[in-house]
Structure formats: structure tokens, C-alpha cells
Amino acid sequence: MDWTAWHDKYDQTDHWMTRRLKTVQAHIDAALSDAPDGELQVISLCAGDGRDLLEVLAGHPRRDDVRARLVELDPRNTAAAVERAERAGLQRVEVATADAALIDQYEDLAPADLVLVCGVFGNITDPDIERTIAACNQLSRAGGTVI
Ligand SMILES: C[S@@+](CC[C@H](N)C(=O)[O-])C[C@H]1O[C@@H](n2cnc3c(N)ncnc32)[C@H](O)[C@@H]1O
């Protein structure tokens with residue numbers, strides 16, 4: 001799979017992936033709006049080019065409260081995410097070109113208020129889905145949101 005070309009479907013307005021993106025973004029928007037006052041920590045595993053979170057953050061009233069880390073393996077996608085974050089002036093967004101399965105990627109940000117694991121479960125085995133869900137319990141603070 002070319003994980004950069006995979007994102008091209010998002011440019012088609014009537015594609016199911018575009019509808020899924022809108023749904024994910026609506027949940028992100030709601031999670032940020034409903035989160036308690038103060039600093040918010042956000043983690044995105046297998047973040048792709050980060051548009052789900054970054055497009056919402058760019059116009060969200062809580063944007064400056066959010067410290068986020070996007071972890072993604074493909075350096076073309078992380079370059080796109082860095083560019084998107086910089087264009088939006090999101091200075092507290094970190095983008096790591098790394099294996100999202102390594103828990104030490106998150107040790108200074110977990111437990112987080114919002115954990116994104118989007119577009120992942122269709123691409124891994126059932127036992128890995130179960131392990132990932134179990135890990136999300138540790139990555140998310142009590143009362144936090146996992147999407
Ligand atoms: C289906 S895409 C989803 C991207 C994004 N979360 C979204 O929903 O738009 C899966 C992404 O996971 C990345 N990926 C695959 N294995 C990974 C790993 N072990 N660590 C980090 N990223 C990985 C791929 O490069 C790809 O960008």
C-alpha cells in the first residue's frame with residue numbers, strides 16, 4: 001500500500017472516506033469542546049497526514065490549549081502533517097516519524113484527553129486490534145475520548 005496516495009480519496013467529495021473523515025472530525029470537535037478547562041493532550045496513532053485533527057484544531061477555540069503528538073511511519077505523510085500544522089500556526093503540534101506501536105512514543109503525553117486511532121483497524125489482524133484497544137485504555141485518561 002502507498003500510504004501517501006491512500007489520502008487522495010479524501011479529495012473526492014462523495015467518497016466514503018471523505019464522509020468518514022467528516023464524521024471523525026465531528027467527533028474530534030465535540031471531544032475538544034466538551035473537554036475540561038486547561039491544557040489538553042492529544043495523541044494520534046498512525047496519523048497519516050494528520051488532516052483529521054489538524055483541520056479541526058486550526059479553527060477550534062481550544063486550539064492553543066492543545067498539545068498534540070502525531071505518530072506516523074511514512075515520512076512523506078509526516079512532512080505533509082508538519083506543513084499543515086505550520087500553515088495553521090499550530091505551534092504545539094509535534095509530528096514524529098516513528099512506529100506508533102512503540103508505547104514510549106507517548107510516555108510524556110499519556111494519559112491523554114483525546115486518542116485517535118483512525119483508519120487503523122481495517123488494516124491489522126484481529127489479535128492486533130484487541131491489543132491496540134487494550135493499549136488505548138492506558139493511553140487515555142479516565143473520562144477521556146478515544147476515536
Ligand atoms: C489507513 S491510513 C490512516 C491515516 C489517518 N489516521 C487517517 O485516518 O486519515 C494508515 C496510516 O498508518 C501508517 N502506519 C502503518 N503502520 C504504522 C506504524 N507501525 N506506525 C505508524 N504509522 C503506521 C501508514 O503510513 C498510514 O499513513
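Now for a quick tour of the structure. None of these values were measured; they are calculated from a predicted model.

**Looking at the overall build of the protein**
When helices and strands are counted, the protein shows four helices and five strands. Traced from its N-terminal end to its C-terminal end, the protein shows the element sequence α-β-α-β-α-β-β-α-β. Counting only C-alpha atoms, the protein reaches 40 × 35 × 25 Å along its principal axes. In the protein, which comprises 147 residues, the proportion classed as buried is 44%. The contacts in the protein between residues at least 6 apart in sequence include a share of 80% that link residues at least 24 apart. Here the protein contributes 15 positive and 26 negative side-chain charges, whose respective centroids are spaced 3 Å apart.

**A look at the side chain of Ser44**
Looking at the element boundaries, Ser44 is found in strand S1 (residues 40-45). Once residues within four sequence positions are removed from consideration, Ser44 is found in contact with Arg69, Leu70, Val71 and Leu116.

**A few points about the layout of surface pockets**
Considering only enclosed or pocket space, the largest pocket measures out at about 770 Å³ in volume. Around the largest pocket, the lining comprises 37 residues; the ones closest to its centre are Leu45, Cys46, Ala100, Val120 and Ile124. Take the lining of the largest pocket: its biggest share by element is five residues, from helix H4 (residues 126-139). Here the residues of the lining of the largest pocket are counted per class, giving 20 nonpolar, eight polar and nine charged.

**Side note on the environment of Asp49**
Tracing the backbone shows Asp49 in the loop between S1 and helix H2 (51-58). Judged by relative accessible area, Asp49 falls into the buried class, the value being 6%. Separated by 52 residues in sequence, Asp49 and Ala101 have C-alpha atoms that sit 18 Å apart. Side chain to side chain, Asp49 and Arg51 meet in a polar contact 2.8 Å long.

**Side note on the packing of aromatic side chains**
Using the criterion set out here, one finds two aromatic pairs in the structure. For the ring pair Trp3 and Trp6, a centre distance of 6.1 Å and an interplane angle of 65° mean the geometry is edge-to-face. An aromatic cluster of at least three residues, connected via ring pairs, comprises Trp3, Trp6 and Tyr10.

How each quantity is defined
Residues numbered from 1 in each chain as written. Predicted model: local features only at pLDDT ≥ 70, side-chain atom pairs only at ≥ 80, totals over all residues. Heavy atoms only, no water. Helix = DSSP H or I, 4+ residues; strand = E, 2+ residues; numbered from the N terminus. Buried < 20%, exposed > 50% of the residue type's maximum accessible area, 1.4 Å probe, protein only. Contact = heavy atoms within 4.5 Å. Lys, Arg positive; Asp, Glu negative; His and termini not counted. Charge placed at Lys NZ, Arg CZ, Asp CG, Glu CD. 1 Å grid on protein atoms, 1.4 Å probe; cavity = no way out; pocket = protein on both sides within 12 Å on 5 of 7 lines; lining within 4 Å. Points joined across faces, edges and corners; volume = space filled by probe spheres on them. Nonpolar A, V, L, I, M, F, W, Y, C, P; charged D, E, K, R; others polar. Polar contact = N/O pair within 3.5 Å; in protein donor to acceptor, adjacent residues only side chain to side chain. Phe/Tyr/Trp six-rings, centres within 6.5 Å; stacked < 30°, edge-to-face > 60°.

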